[in-house]
Amino acid sequence: MGVGGCLVVPWRCLVVLCLRLVFLVPAGVPVRSGDATFPKAMDNVTVRQGESATLRCSVDNRVTRVAWLNRSSILYAGNDKWCLDPRVVLLSNTKTEYSIQIQDVDVYDEGPYTCSVQTDNHPKTSRVHLIVQVSPKIVEISSDISINEGGNISLTCIATGRPDPTITWRHISPKAVGFVSEDEYLEITGITREQSGEYECSASNDVAAPVVRRVKVTVNYPPYISDAKSTGVPVGQKGILQCEASAVPAAEFQWYKDDKRLVEGQKGVKVESKAFFSRLTFFNVSEQDYGNYTCVASNKLGNTNVSIILYEAEPEIHPCSLEIQPACVMRL
Ligand SMILES: *[C@@H]1O[C@H](CO)[C@@H](O)[C@H](O)[C@H]1NC(C)=O
Ligand SMILES: *[C@@H]1O[C@H](CO)[C@@H](O)[C@H](O)[C@H]1NC(C)=O
Ligand SMILES: *[C@@H]1O[C@H](CO)[C@@H](O)[C@H](O)[C@H]1NC(C)=O
Ligand SMILES: *[C@@H]1O[C@H](CO)[C@@H](O)[C@H](O)[C@H]1NC(C)=O
Ligand SMILES: *[C@@H]1O[C@H](CO)[C@@H](O)[C@H](O)[C@H]1NC(C)=O
Ligand SMILES: *[C@@H]1O[C@H](CO)[C@@H](O)[C@H](O)[C@H]1NC(C)=O
């Protein structure tokens, strides 16, 4: 008898029990479906990993012997426990019902269980499948990645669960694009800067809420100057030249006047650079400040430049700028 780990009773007992239970052995005993009423096991049982499964078998008073089997291993025969597994307990053994419970169900418990009875000296069996569900879990996910524009990437998201989870990839930021892949792999060839951002892998299988993980994709590209304008400023006033550039990694800026590099701390001029722009501030523009300025933006992928002019402009005549005149006060 292939009873696996379930039988550890003294061998003499075993033989006696075996003889008593020969009728129960499914092998060689065809399932008789002629008698539709007995034994009547429930439909298939579906439980989540960790929960308890109750296996019920309806019987009546013609039944003389009862047992529950896991494949060919006897779990319970009447009130006698045949297996050592503490998770298996007898729930009821009455004239109408013979039920056992399997606690803390795990995936290896999945499979066919048989209720076997003897009625009027005829062995009969009924089979129920225990189906074990497992919440989805992401077991492997790509790390954040940094790639140069035009390169190829392949993101992987492997998830387990029962039933097998459905895996999807979505591009969620900077703006939500939606589904980009309906399986574990997301391949992007010739990636563009618009395809950078956060990608989210989701694994779902109806057993529990979907699980999600995120991967950040950084697409590097050389600087591109998006805005820089020539500016007219009168002598003695404050003047600003600004140069805006987008780049990943962020651009570093340098300013030249003609061929001469402007450095921070130069008298009367402030150089101020942030991630996306650089600004030259002249606190008190003089004749010598006018001229041709070149803004150079560079990162590890390359550099670009633009030339803009700081030119002399006529002072703006503003009625309220210098002295407060009665007309202005009245308008205020
Ligand atoms: C059922 O049988 C399988 C295969 O032998 C075993 O792994 C599992 O632990 C058994 N489950 C119970 C509840 O007996
Ligand atoms: C019970 O489960 C088994 C195995 O998964 C399947 O073949 C059978 O059709 C199911 N029966 C019912 C009534 O759902
Ligand atoms: C990217 O993939 C394309 C198409 O598969 C291939 O032709 C190209 O050589 C790949 N580029 C790189 C940098 O691997
Ligand atoms: C700007 O510079 C001129 C010439 O050096 C000077 O006369 C003037 O007072 C300065 N203006 C201010 C606001 O500092
Ligand atoms: C400014 O300087 C750049 C580089 O030296 C040159 O290409 C450009 O023609 C100059 N612009 C003017 C208006 O002189
Ligand atoms: C500006 O760009 C031109 C063309 O790419 C290049 O020849 C020149 O050297 C650059 N100027 C500076 C100051 O980098």
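Scroll up to find the structure this text is about.
Residues numbered from 1 in each chain as written. Chains lettered and ligands numbered in written order. Predicted model: local features only at pLDDT ≥ 70, side-chain atom pairs only at ≥ 80, totals over all residues. Heavy atoms only, no water.

A. Structural detail: the overall build of the chain. Each helix and strand in the chain was counted, giving two helices and 25 strands. Residues counted as buried form 39% of the 332 residues belonging to the chain. Taking the contacts inside the chain whose residues are at least 6 apart along the sequence as the reference set, 62% of them involve residues at least 24 apart. For the chain, the exposed area adds up to about 19,000 Å²; of that, 51% sits on carbon and sulfur atoms. (Helix = DSSP H or I, 4+ residues; strand = E, 2+ residues; numbered from the N terminus. Buried < 20%, exposed > 50% of the residue type's maximum accessible area, 1.4 Å probe, protein only. Contact = heavy atoms within 4.5 Å. Areas by Shrake-Rupley, 256 points an atom, 1.4 Å probe, with all protein chains shown as cover.)

B. Region of the structure containing the site of ligand 5. In the neighbourhood of ligand 5, the contacting residues comprise Asn292, Ser307 and Ile309. At 2.4 Å, a side-chain N or O of Asn292 approaches an oxygen atom of ligand 5. Summarising the interface, the protein chains cover 30% of the accessible area of ligand 5, which totals 360 Å² for the free molecule. (Near = heavy atom within 4 Å. Polar contact = N/O pair within 3.5 Å; in protein donor to acceptor, adjacent residues only side chain to side chain.)

C. Looking closely at the site of ligand 1. Every residue near ligand 1 is listed here: Asn70, Arg71, Leu75, Arg87, Val88, Ile102, Tyr108, Asp109 and Tyr113. Between ligand 1 and Asp109, the relevant distance is 2.8 Å, taken from a nitrogen atom to a side-chain nitrogen or oxygen of the residue. Tyr113 has a polar side-chain atom sitting 3.4 Å from a nitrogen atom of ligand 1. A total of 360 Å² of accessible area belongs to ligand 1 in isolation, and the protein chains cover 69% of it. Here the residues of the shell around ligand 1 sort into five nonpolar, one polar and three charged. (Nonpolar A, V, L, I, M, F, W, Y, C, P; charged D, E, K, R; others polar.)

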